[in-house]
Amino acid sequence: MPFRNFSLALSQNTTALDNILSLMGLLICVLVVIVLAYLFTKYVAGRNGSFLGVGGGNDRFKVLIRLSLGRDQSLVLVQAGERYLLLGVAPSGVSLVAELTQEESQALYAPPSDQPAPPSFGEALRTVLKQKKPR
C-alpha cells in the first residue's frame, strides 16, 4: 500500500507541475507575440520614414500632409523636388488639384508661429496622470 500512496502523490505533483509549466509556456508565447508586434511596427515605421506613410519619402519626393475628406478620399500635399503638388486621392485615381509655391505649401503644413507645439505623448500622459485623483 505505501507504493500506491507514493504514486498518487507523484501524479498530483506532476499535475501541479504540468499546470505551472503550461502557464509559463502561455506567458512566454504572449510575450513573444508582443515583442514581434513591436518589432513589426518599428519595421513598418522605418520603411516609410514615419508611421502610416505621412511624412515618408526621401529628399526628392515627400508626402508633407494628408487630409481625409471621407471614406477612401483625401487631399495630399506632396513635395516633388522643387514642386509642391496638392493631389486629390480617391479609389478612382489621383488627380492634380493645384500646384503651389513653396510659401503657399508652407502655410498649409507649417504650424502657426503663435501657437505652441503640441505636447509629446509622454508629456500628455504625465499631465493626465497628475490630474487623476487617487481613490
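Whatever comes next refers back to the structure up there.
Conventions we followed
Residues numbered from 1 in each chain as written. Predicted model: local features only at pLDDT ≥ 70, side-chain atom pairs only at ≥ 80, totals over all residues. Heavy atoms only, no water. Helix = DSSP H or I, 4+ residues; strand = E, 2+ residues; numbered from the N terminus. Contact = heavy atoms within 4.5 Å. Salt bridge = Lys/Arg side-chain N within 4 Å of Asp/Glu carboxyl O. Buried < 20%, exposed > 50% of the residue type's maximum accessible area, 1.4 Å probe, protein only.

When you go through the protein chain residue by residue, the secondary structure sums to three helices and four strands. Its helices and strands in sequence order give the protein chain the pattern α-β-β-β-β-α-α, from N to C terminus. Across the protein chain, every contact between residues at least 6 apart in sequence was considered, and the portion connecting residues at least 24 apart equals 7%.

Next up on the list: the side chain of S74. As for its placement among the helices and strands, S74 is situated in strand 2 (residues 73-80). Every residue in contact with S74, bar those within four places of it in the chain, is listed here: R66, L67, S68, L69, L87, G88 and V89.

Its location among the elements puts S105 in helix 2 (residues 102-109). Among all residues touching S105, those that are not within four sequence positions of it are L77, Y84 and L100.

Oppositely charged side chains are able to pair whenever their charged atoms sit close together. The final tally for this structure, using the stated rule, is one salt bridge. We note a salt bridge from E99 to R83, for which the minimum N-O separation is 2.9 Å. Linking E99 in strand 4 (residues 93-100) with R83 in strand 3 (residues 83-90), this pair joins segments that are 16 residues apart in sequence. Look at R83 and you get partly exposed, because its relative accessible area is 46%.

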